[in-house]
Number of protein chains: 2
Amino acid sequence: MGKTVRKLEVVSPVPADIDIANSVEPLHISEIAQQLNLSPQHYDLYGKYKAKVLLSVLDELQGSEDGYYVVVGGITPTPLGEGKSTTTVGLCQALGAFLDKKVFTCIRQPSQGPTFGIKGGAAGGGYSQVIPMDEFNLHLTGDIHAITAANNLLAAAIDTRIFHESTQTDKGLFNRLCPPNKEGKRSFSDIMFRRLKKLGISKTRPEELTPQEIKRFARLDIDPNSITWRRVMDINDRFLRKISIGQGPEEKGMVRETGFDISVASEIMAVLALTTSLADMRERLGKMVVGNSKAGDPITADDLGVGGALTVLMKDAINPTLMQTLEGTPVMVHAGPFANIAHGNSSIVADKIALKLVGPGGFVVTEAGFGADIGTEKFMNIKCRYSGLKPQCAVIVATIRALKMHGGGPEVVAGKPLDHAYLTENVSLVEAGCVNLARHISSTKAYGVNVVVAVNKFSTDSEAELNAVRAAALAAGAFDAVICTHHAHGGKGAVDLGIAVQKACESVSQPLKFLYPLDTSIKEKIEAIAKSYGAGGVEYSEQAEKQIEMYTKQGFSNLPICMAKTQYSFSHDASAKGAPSGFILPIRDVRASIGAGFIYPLVGTMSTMPGLPTRPCFYDIDLDTATGRVIGLS
Amino acid sequence: MGKTVRKLEVVSPVPADIDIANSVEPLHISEIAQQLNLSPQHYDLYGKYKAKVLLSVLDELQGSEDGYYVVVGGITPTPLGEGKSTTTVGLCQALGAFLDKKVFTCIRQPSQGPTFGIKGGAAGGGYSQVIPMDEFNLHLTGDIHAITAANNLLAAAIDTRIFHESTQTDKGLFNRLCPPNKEGKRSFSDIMFRRLKKLGISKTRPEELTPQEIKRFARLDIDPNSITWRRVMDINDRFLRKISIGQGPEEKGMVRETGFDISVASEIMAVLALTTSLADMRERLGKMVVGNSKAGDPITADDLGVGGALTVLMKDAINPTLMQTLEGTPVMVHAGPFANIAHGNSSIVADKIALKLVGPGGFVVTEAGFGADIGTEKFMNIKCRYSGLKPQCAVIVATIRALKMHGGGPEVVAGKPLDHAYLTENVSLVEAGCVNLARHISSTKAYGVNVVVAVNKFSTDSEAELNAVRAAALAAGAFDAVICTHHAHGGKGAVDLGIAVQKACESVSQPLKFLYPLDTSIKEKIEAIAKSYGAGGVEYSEQAEKQIEMYTKQGFSNLPICMAKTQYSFSHDASAKGAPSGFILPIRDVRASIGAGFIYPLVGTMSTMPGLPTRPCFYDIDLDTATGRVIGLS
């Protein structure tokens, strides 16, 4: 992997993220690739500082051994975020640039929603960043755009199919689906054989079908009220949360209520994160269920004839994007965030490629979303289940700020000044808040990994406060708890964390233990997860009961569970800080992501489309047209 | 420019487009770049076969001379298309690979709507194609995705702003727009000074503003009924033509009717086509008008604070994409199609870069959309007006099939077998149809260019039919009329066309004559264009009258005109074939694209969002997951 790491000159106070990012000249990404022993046929360049690593690398390295696998989660965060990406990057800069380890950072592509909305970009921060940060935060290599395009092509196919079925006879529909060629002969396209097979029809020529078979084949008879497939957009557009479509005169009154989600919540994003090969992705995309026929049969993308086209739209997106940290260590960016309303982990293929490339003794540090209750839980029970990989160590990122909030500190609101309590020493608030950290530690340890707590230190934190967290973490069973200053100092500030992570990896011996087995009922699995949140029970809405019954009848009950739940509390109530327990978890609705491979319960009210504030981040963003540089991105 | 052209082995009958495209191993795009004397700092690679040529090339070549400039238009087409892209590519293959000329093909990025909908891809066809055709037809280098993202960020900004204004006092709004920093000081962001300037407020500190100024600055007071900005999607999704948004409970009843257009119809696509530099693009994006305040003042993207962010989203899209033809000649792909509902020409910057790179004696062949009535008209009166460039030659592509239709042949419907009349000799139908060709020739000649007619020959065309077209073309004033077989033979089949184009370029002497001057009224300009269609007069709806009056009052009457009109007739009535005249052209509505720089009248009913048929192209499209190759793309 070579030693061409970049030496950082750090300045105090820490400048703005974009200024730090712009102050460093990145290496040409082919140099990063070369350090990884990748040759030009292993990747496609996207400009000078990004490359897509081709999936074929995985086949070539099939026989070689993996490195250590580290997952980074967090405690329950404030709305400001506690520096999970920053810590992920800082830890890798420490391991690669200071501890002489082969290392790979695996993180998720940011959504443009937050970038232009409230939170800003997601490249890390301070002296622990992925660069160039503007390329990282904007289009990257187009994966989310590909997901948006594929998601919405499928949506258009659903409504148009219902429309055309409503105006045509079975025979007319069939004749249009299987038109005669120049010689007047009709035939099935390849994708139609998937539907024929599903229907148990083994005939191969259109003229052989009986009128009954023609009807079954050609008429999907989708129940408009059953459609769970929504359109998506990678923008915070709250006015699209609930809309009525089909109001044009040509659509003949076929008005339907639906809505848009943010693109990262698309099932196709989850497919991208969980797939393991092109062939696997083709199958997953084809079997995505969009709703039911009026008779209650699930209707898939392949039934609509569009699974192949979706795969074609996603064929480049399956290759993860190679970038670099400020200190020149390699980064793999793949799949998307939002572990509250989605799966929210980086991709299996990126982690797998990275584990082979670092090899034995090397480290792959992969990021899970938000707190351990949702991000790490989904990482273990969904992602590791599908990948077969086992992490040795889980890092939990904590801040004094968030712990004070959990200890009873005043509300923290994005865009408003922090209360005095967060800027001066208050050990007892911190100590009180450690119940949140403790529960994250114990539920993460239960998977059979060693837990290292990383306290992301702010300049206002006092020695006594930091010591309190260390003590509480060790008391709760953490393998170690380390104070980090990577935001201010880059990798140098996370060397102790790097050493602790290395020891944690080397000393683990248990196998991975999942929270629930797959072969129990949907409700039993939901209840196992609810218990890990501290819930005393689960309450299902009528709608949720109906959906669970239906998915069970349809044969989907053996899938893992992906909860859509607020990231701001263990419970469904964002204001319940600390470690609430005994509450009843309300399941409002249950959806199914059959292609991605999970059941998707909605806990309480969860918006799947954020909104813009009065003064969005975009007010500060512009291009310096003389230099071509982006300004104001945070 | 070198001679590394690729020798084609042609097969008869002509195989499927994707099979021809896949049978050729493209050159690495860096080899194409090298032949153009471009070094790696002049471009960014996007994989192995695409590169974005950086705009800085234009600055470097500022002093050097341009080559010849050729625009390709067509006669009024059938719904099947008459091979305009194919002819554009074939002509360049002839000039570059057989006539030893430096040559550049400038074409438009296809929309994914037709690719997955009815028409299929747009890479040309047969042995005259841009390759790799799957990369060309899919995401390319992300320009249309960037346009979609920028367009919809602006849309979200509009509705959210109206929402936030409705719930806040002037003072509250102002305080949120100019929040205090850590030291408690408020300030204006850079973009806010644009609005302050527009309002004639020269104060620089928020605390200096009077309550009246605060109100004027902070409250845009957008009239929801005046909003002309629609959302876009690069998909044929007819159910989004007319929708109601804001139906979610959090949006508090602020429901509004709006709709989606296909992305290529976005004003931002027109800005991309017509801009000349990053700084120019920044200004155009900022001054795009989205609607009016209740007092009737135009509200711009910069008023909403988002012009800078839009520029940042478009900063890579401004660089045209370099690709290659089947015979290894260079291609520039930039901006979008749909000259019926949009401007529909390839970009000014692509043409400018190409003209410098081929240099004196070289040829840049650029494609305009559809028939000369809309594509070439917009090319001359809008694009050339903004670029200052003058074409020497216009090619008009004709087919026997389309001429027969204009002569009274039966209707041609996509997806249905062609009538017998189109497959057997019928000279009199052809002769009768030549009135259409003749009018395209005379209106194109009026710009002061030489017109060469290219008859795109099909295997069913007879010698007598072809001779009839040649004779009619010359009689109508064409410089030459040439039979071409580039679909079947590649560049070799267009050598005669290449020679004719060269002669036409060398012998032109007139200056460019526009159809109308800018400093006349909007109505006078519309009427000049209507006259060129053969119209006897123009009829304005009440809505159109109102808009014209408003735009005139707002000071926008000196812009060129971009008509949205059916491509299937000179008139507004798609069924009026041949050369209709004396009809009254109905102007249903008038919009304004102030950033792009034109007034946009809608002629009759024009859908700005296509639909999917019962059996869309996507039924045939899939990925061979073993090889990673796309199949079924046409």
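Refer to the preceding data block for the structure.
Computed from a prediction, not measured in an experiment: that's the story for all the values here. (Residues numbered from 1 in each chain as written. Chains lettered and ligands numbered in written order. Predicted model: local features only at pLDDT ≥ 70, side-chain atom pairs only at ≥ 80, totals over all residues. Heavy atoms only, no water.)

Asks: So, the nonpolar core: which residues are in play, and what are the values?
Replies: In terms of nonpolar packing, the biggest core is built from 279 residues, with Leu154(A), Phe217(A), Met314(A), Leu154(B), Phe217(B) and Met314(B) touching the most fellow members. Considering every element that reaches this core, the biggest residue donor is helix α7 (residues 143-167) of chain B, with 13 residues. When neighbours within four sequence positions are excluded, Phe217(B) is seen to be in contact with Arg161(B), Phe174(B), Leu177(B), Cys178(B), Phe188(B), Met192(B), Arg195(B), Leu196(B), Leu199(B) and Leu209(B). Within the second largest apolar cluster, 27 residues are counted, among which are Phe556(B), Phe583(B), Ile587(B) and Ile594(B). (Core = buried A, V, L, I, M, F, W, Y, C linked by side-chain atoms within 4.5 Å. Buried < 20%, exposed > 50% of the residue type's maximum accessible area, 1.4 Å probe, protein only. Helix = DSSP H or I, 4+ residues; strand = E, 2+ residues; numbered from the N terminus. Contact = heavy atoms within 4.5 Å.)

Asks: Tell me about the environment of Phe239(B), residues and numbers included.
Replies: Along the chain, the position of Phe239(B) falls in the loop between β7 (231-233) and β8 (243-245). A residue is classified by how much of its surface remains accessible, and Phe239(B), at 1% relative accessible area, is buried. Put simply, Phe239(B) and Gln510(B) are 271 residues apart on the chain and 49 Å apart in space, counted from C-alpha to C-alpha. Non-local contacts of Phe239(B), meaning those with residues more than four positions away in its chain, are made with Asp159(A), Thr160(A), Phe163(A), Arg231(A), Ile245(A), Gly246(A), Glu251(A) and Met254(A).

Asks: I'd like to hear about the pattern of salt bridges, residue by residue, with values.
Replies: Under the definition given, this model contains 72 salt bridges over all chains. In this structure, the salt-bridge partner of Asp170(A) is Arg219(A), at a minimum N-O distance of 2.6 Å. With Asp170(A) in helix α8 (residues 170-177) and Arg219(A) in the loop between α10 (211-218) and β7 (231-233), the pair connects residues that are 49 residues apart, well separated along the chain. In this structure, Glu213(B) and Lys203(B) form a salt bridge, with 2.8 Å as the shortest nitrogen-oxygen distance. Highlighted residues: Glu213(B) in helix α10 (residues 211-218) and Lys203(B) in the loop between α9 (190-198) and α10, separated in sequence by 10 residues. One network of salt bridges, with partners in common, ties together Arg194(A), Arg282(A), Glu283(A), Asp302(A) and Asp622(B). (Salt bridge = Lys/Arg side-chain N within 4 Å of Asp/Glu carboxyl O.)

Asks: For the relation of the copies chain B and chain A, give the residues involved together with the corresponding values.
Replies: Superposing chain B onto chain A requires a rotation of 180° together with a translation of 0.0 Å along the rotation axis, leaving an RMSD of 0.0 Å. Given the turn and translation reported, the copies of this chain are related as if by a two-fold rotation axis. The C-alpha atom lying nearest the rotation axis in chain B is that of Tyr46(B); the distance is 2.2 Å. Same-surface contact between copies: 100% of interface residues of chain B are shared with the interface of chain A. (Least-squares fit on C-alpha atoms with pLDDT ≥ 70 in both.)

Asks: For the interface of chain B and chain A, give the residues involved together with the corresponding values.
Replies: Counting residues at the interface gives 80 residues for chain B, matched by 80 residues for chain A. With both sides pooled, the region where chain B packs onto chain A buries about 7,300 Å², and carbon together with sulfur makes up 65% of that total. Of all residues in chain B, Phe239(B), Thr614(B) and Tyr619(B) give up the largest surface area on contact with chain A, accounting jointly for 12% of the area buried on that side. Here chain B is connected to chain A by 12 salt bridges. Close ionic contact of Asp622(A) with Arg282(B) constitutes a salt bridge, the shortest N to O distance being 3.0 Å. On inspection of chain B and its partner chain A, the count reaches 39 residue pairs in polar contact (both at pLDDT 80 or more). By residue class, the composition of the side of chain B that touches chain A is 40 nonpolar, 20 polar and 20 charged. (Buried area = accessible area lost by both parts, 1.4 Å probe. Polar contact = N/O pair within 3.5 Å; in protein donor to acceptor, adjacent residues only side chain to side chain. Nonpolar A, V, L, I, M, F, W, Y, C, P; charged D, E, K, R; others polar.)

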